[in-house]
Amino acid sequence: MWTSQIQAQPQLLQQQQQSQQQPSNLRTLGMTSAISLAGPKQIDYHRTSELQEVLKPYNVFETDEELNHRMEILSKLNSLVKEWICEVSIKRNMPPNVAEQVGGKIYTFGSYRLGVHHKGADIDALCVAPRHIDRSDYFTSFFELLKQQKEVTDLRAVEEAFVPVIKMNFDGIEIDMLFARLALKEIPDTMDLRDDCLLKNLDQKCVRSLNGCRVTDEILRLVPNIENFRLALRAIKLWAKKHGIYSNALGYLGGVSWAMLVARTCQLYPNAVAATLVHKFFLVFSQWKWPQPILLKQPDNVNLGFPVWDPRVNISDRYHLMPIITPAYPQQNSTFNVSISTRTIMQEEFKQGLAVTDEIMVGKATWDRLFEPPNFFGKYKHFIVLLASSSSAEDQLEWVGLVESKVRHLILNLERNQHITLAHVNPECFSQLEPEPDKFCTMWFIGLVFAKTENLNVDLTYDIQSFTDSVHRQAVQIKMLKDGMKIEARHVKRKQLHTYLSPSLLKKDKKNNATSNNTPLHPLNGDSPSAVDGNPGSRKRPSDTPTENSRKKIKTGEENSNQGDDSPRNSIVVHCGDDSNSAEEQGLNVGEERSLPPVSSCPITAKEASGLLHEGFVCT
C-alpha cells in the first residue's frame, strides 16, 4: 500500500539518465509554459550524483529496513482502524456481515507521502471513516483501543485544536493522526481522496483534515518527474533547516510550502535533473516578485461553499506577503504566517543560495557549502531573549508549544516599532546553561536591527507586554495555565550571550562567520517594515518616546517591578549607541514605505473581477 513512497536510490540515477536521454513528450504543467525544455548533460548527472552523496551523512535517506518498519506500523494501524469501525458499527445494531464490509482506511500525507522523510521523522496520517462513525467515537473508543496496544506510548489527544489530532509514539515512530468522516456508507480500500465530490456535506474540521492528503497527492500529480522532484526537495529542505528558515509556526515556510516551491521549479524545468533543479530553484525565487502568488495550476472552480484564497473577494488576502497557494480545493495560502522580517530573511537566503550554487555548477565549490549554517549570533549586536519556563517536563512540553505558536505575534509587534527595521527570530530553541532545580526553561533568540545609530533609547516594554499578555490570555482560555508557567523577555547584547549560550556554540558561530559570506539584509521590492500596517501614522504607540521620557519610563518600571509578581517583568529599553546594528550597516533602505494595494469599499464588478484574476494569478 505504501511501497510507492520508497525514495530514490543511487541506482535510479542511471535509470533516469537512460530515460531522459530519450525525447520527452511532457504535458504542460503549471500556470505557464516551461522556461526551458533542455535535457540534462553528462555533467548534470555528475553534479546530481555528487549532491546525493553529500546528502547521505545528514541522514536524509532511510534504509530499506527502516522503511519497511514504517510500512509495518501503518499496516497495523490500518488493521486497528478497520477493527474499531467494525466494533462501533455492530454496537449500533449493524449486522456483523455488513459491519465487516464498511471498511475504513489510513492515508498518509506530508513528507512521508511525498517520499522525502528523513531518518526518525514522524508520520502524518489520516483516519477516514464512514458516515455513521463520529469524531467523538474517534477520541473516545479508538483512543481507548490505542491505549491497549503495547507498541503505543506518549499517547495524547488534542481534540480542541484547529485540526483535531491524536499524537502517539507507535513502536518508536512518532505519528500525528487526524480524523475525517465521509458522507458514505462504506470506505473502500481503493478510494481516491482527490475527488472533490467527497467534500459535499462535510464539516470544516473534516475538510481541513482531508486537505493534507489532497494537497500532497495533487503536488505529486503536478510534477513531471517524481524522483527528480524528491531528490531536489530533500536538498532544499535540508538547506532551509540549516539556514534557520524552516518553521511555519515562526513565520518562515513549512514542509508543504517548500514542496510547492520545488514543484513549481520542476514545472518550469521539466527535463532537468535534481542538481539543475536546485540551482534553478534559487535562480527563480531570488528574483520572484512577491507578493505575486505561486500556483501549481489554475484554481479549481468548485462551488461547495468552503472559503478559498481569493484576493478578488477577500480583502485580507490582498495583504499576504508571500502567497503560496495549495493546489487542491479549497485552495489556501500555506504561508499566512510570513511577516516582512521573515520574508526579507528568506529572500536574502535565496540570493545567497544562488551565489553558492552558481559556484557549485562551475566547479568552484562543493555541495557541502550549501548546507553550512550562517552566523546568526555574529550578525546582530542586540537580541531579545524569550524565556518560557515551568515546573515539570510535562508542563514544559505544553507551554513551549503554546509560546512558540505565538512568537510570530511578537515579531509583528517589534516590526511595528518605528525604530526597528528587522526582527530575526532563530527557529532553534535552547536550554539554560545552568538549569535551576525543579525548573524547566526554553529560550528563543531574536536579533534586532535598528533604523538609526544616534543616541536613542528605544522602549520595547509595550511590544513585549502586549505579547506576554496575549499568551497568558490564551493559556487561561484553553485552561492550560498552571502554577510555575512563566514567560519572560530580556534585552541582551552580543557580548552578553556567553551567559546564555555555551562557549562552544558561540565559537562555532564565529568560525562560521569567518568562513561564510554574510551580506547585509536588503528589503525586497522596495519594502520597508515600517509600513506593515499600510498606515505609517498608525505605527505610533505609547512606547515610542524620546530619550528623556524613555529614561523616566525605565526608572518607573524598576520602581514598580516589585509591586506584585503576577504579571511578567518585561520593561525593556534598548540604548541605540555606536555599538548598535543600524539599517545603514545592514544595507536596509528605511526611507521607502511599503505601498499596499488600495482597498475599495465598493463591491467588485464581474468585469473588475476578471481583470484581477488575470493580474493576480499569473506566474512567470
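About the cut-offs
Residues numbered from 1 in each chain as written. Predicted model: local features only at pLDDT ≥ 70, side-chain atom pairs only at ≥ 80, totals over all residues. Heavy atoms only, no water. UniProt positions renumbered as here; feature names shortened; annotations may be inferred. Helix = DSSP H or I, 4+ residues; strand = E, 2+ residues; numbered from the N terminus. Buried < 20%, exposed > 50% of the residue type's maximum accessible area, 1.4 Å probe, protein only. Contact = heavy atoms within 4.5 Å. Phe/Tyr/Trp six-rings, centres within 6.5 Å; stacked < 30°, edge-to-face > 60°. Axes fitted to C-alpha atoms, helices over the stretch in contact; angles between N-to-C directions. Parallel < 35°, antiparallel > 145°, perpendicular 65-115°, else oblique. Left-handed = near helix turned anticlockwise from the far one by under 90°. Nonpolar A, V, L, I, M, F, W, Y, C, P; charged D, E, K, R; others polar. Pairing = 2+ DSSP bridges. Polar contact = N/O pair within 3.5 Å; in protein donor to acceptor, adjacent residues only side chain to side chain. Core = buried A, V, L, I, M, F, W, Y, C linked by side-chain atoms within 4.5 Å. Salt bridge = Lys/Arg side-chain N within 4 Å of Asp/Glu carboxyl O. pLDDT = per-residue confidence, 0-100.

For the protein chain, an unreviewed UniProt entry supplies the name Poly(A) polymerase and the organism Zootermopsis nevadensis. Regarding the protein chain, the UniProt comment filed under Sequence similarities (unreviewed entry) reads as follows: "Belongs to the poly(A) polymerase family."

A. Region of interest: the environment of I175. Its place among the elements puts I175 in strand β5 (residues 173-181). Residue I175 is classed as buried on the basis of its relative accessible area, which comes to 0%. As a C-alpha pair, I175 and D122 span 53 residues in sequence and 5.5 Å in three-dimensional space. With residues up to four places along the chain from it excluded, the contact list for I175 reads I73, L77, I123, A125, I166, K167, M168 and F170.

B. Structural context of the packing of aromatic side chains. Counting across every chain of the model gives 29 aromatic pairs. Their ring planes at 85° and their centres at 5.1 Å tell us that Y138 and F139 sit as a pair that is edge-to-face. A relative accessible area of 0% means that Y138 is categorised as buried. Take F139: its relative accessible area is 8%, and that puts it in the buried class.

C. Representation of the environment of D195. Checked against the element boundaries, D195 lands in the loop between β5 and α7 (204-221). Each C-alpha atom of the pair D195 and Y329 lies 9.7 Å from the other, and the pair is 134 residues apart in sequence.

D. Geometry of the packing of helix α10 (residues 274-285) against helix α11 (residues 340-361). Here α10 crosses α11 at 140°, and the two axes come no closer than 8 Å. Judged on the interaxial angle alone, α11 and α10 are oblique. For α10 against α11, the interelement crossing comes out left-handed. Two secondary-structure elements touch here, α10 through A275, T276, V278, H279, F281, F282, L283 and F285 and α11 through Q347, F350, G353, L354, T357, D358 and M361. Among the residues forming the contact of α10 with α11, the class breakdown is nine nonpolar, five polar and one charged.

E. Spatial organisation of the sheet that holds strand β2 (residues 123-129). Taken together, the five strands give an open sheet; going across it, the order is β1-β2-β5-β4-β3, and neighbouring strands pair in mixed fashion. Looking at the sheet topology across the chains shown, the edges are occupied by β1 (105-109) and β3 (152-158). Direction aside, neighbouring strands of the sheet carry axes that sit 25° apart on average. Note that β2 and β5 share seven bridges and pair parallel. Its bridge partner being in β5, D124 is matched across the sheet by D176. In the packing of helix α6 (residues 135-147) onto the sheet, the strands contacted are β2, β3, β4 (165-170) and β5, and the crossing angle to β3 comes to about 165°.

F. Seen up close, the UniProt feature "binding site: Mg(2+) 2" (unreviewed entry) in the protein chain. UniProt records the feature "binding site: Mg(2+) 2" (unreviewed entry) for D122, D124 and D176 in the present numbering. Look at the named residues: they lie 55 residues apart in sequence, but the longest C-alpha span between them is just 7.5 Å, so in the fold they bunch up. Structurally, the position occupied by D122 is in the loop between α5 (110-114) and β2. In this view, D122 contacts R70, E174 and D176; residues no more than four positions away in its chain are not counted. Positionally, D176 belongs in strand β5. Ignoring sequence-local partners within four residues, the contact set of D176 consists of D122, I123, D124, A125, V165, I166 and K167.

G. Just the environment of Y252, in detail. By the secondary structure assignment, Y252 is in the loop between α8 (226-242) and α9 (255-268). Once the C-alpha coordinates of Y252 and V338 are considered, the two residues, 86 residues apart in sequence, prove to be 5.8 Å apart. Ignoring any residue separated from it by four or fewer positions in sequence, one finds Y252 in contact with G244, I245, Y246, S247, V338, T342, I345, M346, H424, V425 and P427. Separated by 2.6 Å, the side chain of Y252 and the backbone oxygen of V425 make a polar contact.

H. Region of the structure containing the nonpolar core. Counting residues in hydrophobic clusters, the biggest one holds 112 residues, and the most contacted among them are F229, W239 and W258. Among the elements that line this core, the one with the most residues is α8, at nine residues. Not counting chain neighbours up to four residues away, the residues in contact with W258 comprise L233, I236, W239, A240, I245, Y246, L253, F281 and F350.

I. Spotlight on the pattern of salt bridges. One pass over the structure, following the stated rule, counts 24 salt bridges. Close ionic contact of D217 with R113 constitutes a salt bridge, the shortest N to O distance being 3.1 Å. Remark: R113 occurs in helix α5 and D217 occurs in helix α7; sequence separation between them is 104 residues. The salt bridge partner of R194 is D192, with a shortest N-O separation of 3.3 Å. Given the relative accessible area of 36%, D192 is considered partly exposed.

J. Fine view of the confidence of the model for the protein chain. Of all residues in the protein chain, 77% attain a pLDDT of 70 or more, and the chain-wide mean is 82. Below a pLDDT of 50 lies the segment residues 588-620, which in the model reaches 69 contacts outside its immediate sequence neighbourhood of four places, other chains included.

K. Up close: the pairing of β2. For β2, the buried fraction is high: seven of the seven residues fall into the buried class. Going residue by residue along β2, you find I123, A125, C127 and A129 tucked away on one face and D124, L126 and V128 tucked away on the opposite face as well. Strand direction decides the pairing type here: β1 and β2, joined by five bridges, are antiparallel. Along β2, the bridge assignment pairs F109 with D124.

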